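Results of the structural survey
Each chain, written out:
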Amino acid sequence: MNCEDVETPGNAVEYLAEQAEDLCHLHDHVTRVIANLNIPKEVFSDYDNPDDARFPLEGIVKLFLYKEARGFGQQEAARRLSGAAYVFVRFDLPRAPTQAGISWMWRNRFDRHERGLIKDSAKRIREVCEEHDVVDRHEPALEPEDIQDDTGIEEEQIMQAVQRATDLGFEEFKD
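Residues numbered from 1 in each chain as written. Predicted model: local features only at pLDDT ≥ 70, side-chain atom pairs only at ≥ 80, totals over all residues. Heavy atoms only, no water.

**Re the environment of E114**
Rules: The numbering of helices and of strands both runs from the N terminus, where a helix is a DSSP run of H or I of at least 4 residues and a strand a run of E of at least 2. We call two residues in contact whenever any of their non-hydrogen atoms come within 4.5 Å of each other.
As for its placement among the helices and strands, E114 is situated in helix α7 (residues 112-131). Each C-alpha atom, one on E114 and one on V43, is 7.7 Å from the other, the two residues being 71 residues apart in sequence. Setting aside anything within four residues of it in sequence, one finds E114 in contact with V43, F44, S45 and R109.

Structure representation (C-alpha cells):
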C-alpha cells in the first residue's frame with residue numbers, strides 16, 4: 001500500500017502497521033520504527049494552520065504514536081522526549097513539547113476520529129514491534145545520522161545530558 005492509497009482511517013492503520021512490519025527488520029527499537037514511518041497526512045484535517053501550528057503535523061503524529069505505543073502518560077512522554085536520548089530529534093520536532101503542550105495539542109489539534117486513528121495505529125504498531133521483539137524499556141541513544149546541523153541542540157544541552165547520564169550511571173559506584 002502506498003501513501004496515496006490511504007483514504008480512510010482503516011487504511012491508514014493498516015498502512016502504518018505494514019510500514020512498522022518492514023521497519024522492524026531494519027531497526028532495533030520501537031522509537032526508531034516510529035521515527036521512520038511515513039505518516040499519511042491526508043487523513044488529518046486542519047492541523048497545519050500556519051499561523052497557529054508550532055510543531056509539524058508529521059512529528060506530532062509520531063509523538064502521539066510513540067506515547068500510545070509505549071503506554072506513556074503525557075508527563076512521561078514529555079520527560080522521555082527531552083531526556084538524555086532526545087527523542088524529539090528523531091521525530092523532527094524543533095524542540096521537546098511540554099506536558100501542557102502535549103495535552104493542548106491532543107485536545108485541540110486532533111478531532112475525536114483522528115485521536116482514535118492514532119490510538120488504533122499505535123496499538124497495531126506495538127503489536128508488530130512486540131512480535132519482532134523491538135519494544136524495550138529504555139530509549140536507544142542517538143546515532144550520528146540522527147543529528148543534523150539544524151537540530152538546534154546546543155553543546156551545553158549535550159554536556160548536561162552527558163553529566164546527567166554520568167551522575168545516574170555512576171551513582172551505584174559511590175560509597
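**Details of empty space enclosed by the protein**
Put simply, the test is: Cavity means a closed set of points on a 1 Å grid over the protein atoms alone, one where a 1.4 Å probe fits but cannot get out, pocket means an open set with protein on both sides within 12 Å along at least 5 of 7 lines, and lining means a residue has an atom within 4 Å of a point. Grid points are joined across faces, edges and corners, and a volume is the space filled by probe spheres set on the points. Throughout this entry, Asp, Glu, Lys and Arg are counted as charged residues, while Ala, Val, Leu, Ile, Met, Phe, Trp, Tyr, Cys and Pro are counted as nonpolar. The remaining residues, Gly among them, count as polar.
Tallying each qualifying case throughout the model produces one cavity of 30 Å³ or more. In this structure, the largest cavity spans a volume of roughly 30 Å³. As for the largest cavity, its lining consists of A12, L16, P40, V43, F44, V61, L65, L117, I118 and S121. Among the elements of the structure, α1 (9-23), α3 (57-70) and α7 are those that each provide at least two residues to the lining of the largest cavity. In terms of residue count, α7 provides more of the lining of the largest cavity than any other element does, three residues in total. The residue makeup of the lining of the largest cavity, split by class, is nine nonpolar, one polar and no charged.

**Things to note about the environment of S45**
This is how the line gets drawn: Only protein chains enter the accessibility calculation, which uses a 1.4 Å probe; a residue is then buried when its area is under 20% of its type maximum, exposed when over 50%, and partly exposed in between.
Relative to the helices and strands, S45 is located in the loop between α2 (30-35) and α3. On the accessibility criterion, S45 (38% relative accessible area) is partly exposed. Sequence-wise, S45 and D111 are 66 residues apart; in three dimensions their C-alpha atoms are separated by 8.4 Å. Among residues more than four places away in sequence, those in contact with S45 are D111 and E114.

**Quick word on the state of the cysteines**
The line we're drawing: Criterion for a disulfide: a pair of cysteine sulfur atoms at a distance within 2.5 Å.
This model, assessed by the stated rule, comprises zero disulfides. Just so you know, C24 is unpaired, no disulfide at all, and the nearest cysteine sulfur is the one on C129, 3.8 Å from it. Since its relative accessible area comes to 8%, C24 is described here as buried.

**Observations regarding helix α6 (residues 99-108)**
Helical geometry: 3.6 residues make up each α-helical turn, so side chains three or four residues apart lie on a common side. Put simply, the rule is: Comment: arc refers to directions from the helix axis out to C-beta atoms.
The complete set of buried residues in α6 reads I102, S103, M105 and W106. For α6, the buried positions fall inside an angular range of 165° around the axis, keeping them on one side. Considering only its buried residues, α6 is in contact with α3, α4 (74-82) and α7.

**Some words on the pattern of salt bridges**
Put simply, the rule is: We define a salt bridge as a contact between a side-chain nitrogen of Lys or Arg and a carboxyl oxygen of Asp or Glu at a distance within 4 Å.
Under the counting rule described, the total for this entry stands at nine salt bridges. Notably, a salt bridge pairs E14 with R124, separated by 3.6 Å at the nearest N-O pair. Placement of E14 in helix α1 and of R124 in helix α7 is noted, with a sequence separation of 110 residues between them. Since its relative accessible area comes to 26%, R124 is described here as partly exposed. With its nearest N and O atoms 3.7 Å apart, the salt bridge here joins K41 to E58. Taken together, the positions of K41 in the loop between α2 and α3 and E58 in helix α3 put the pair 17 residues apart, joining distant regions of the chain. Under the relative-accessibility criterion, K41 is labelled partly exposed at 40%.

**Let's talk about the nonpolar core**
Put simply, the rule reads: We call a set of buried Ala, Val, Leu, Ile, Met, Phe, Trp, Tyr and Cys residues a nonpolar core when their side-chain atoms join them within 4.5 Å.
Within the largest apolar cluster, 45 residues are counted, with the highest numbers of intra-cluster contacts made by I34, F44, F64, L65, F110 and I125. Sorting the residues of this core by element identifies α1, α2, α3, α4, α5 (87-90), α6 and α7 as the ones contributing at least two each. Ranked by residue count, the leading element in this core is α3, at eight residues. Those residues within four positions of F64 in sequence are excluded, and the remaining contacts are I102, M105, W106, F110 and I118.

By themselves, these figures tell us nothing about what the structure is for.
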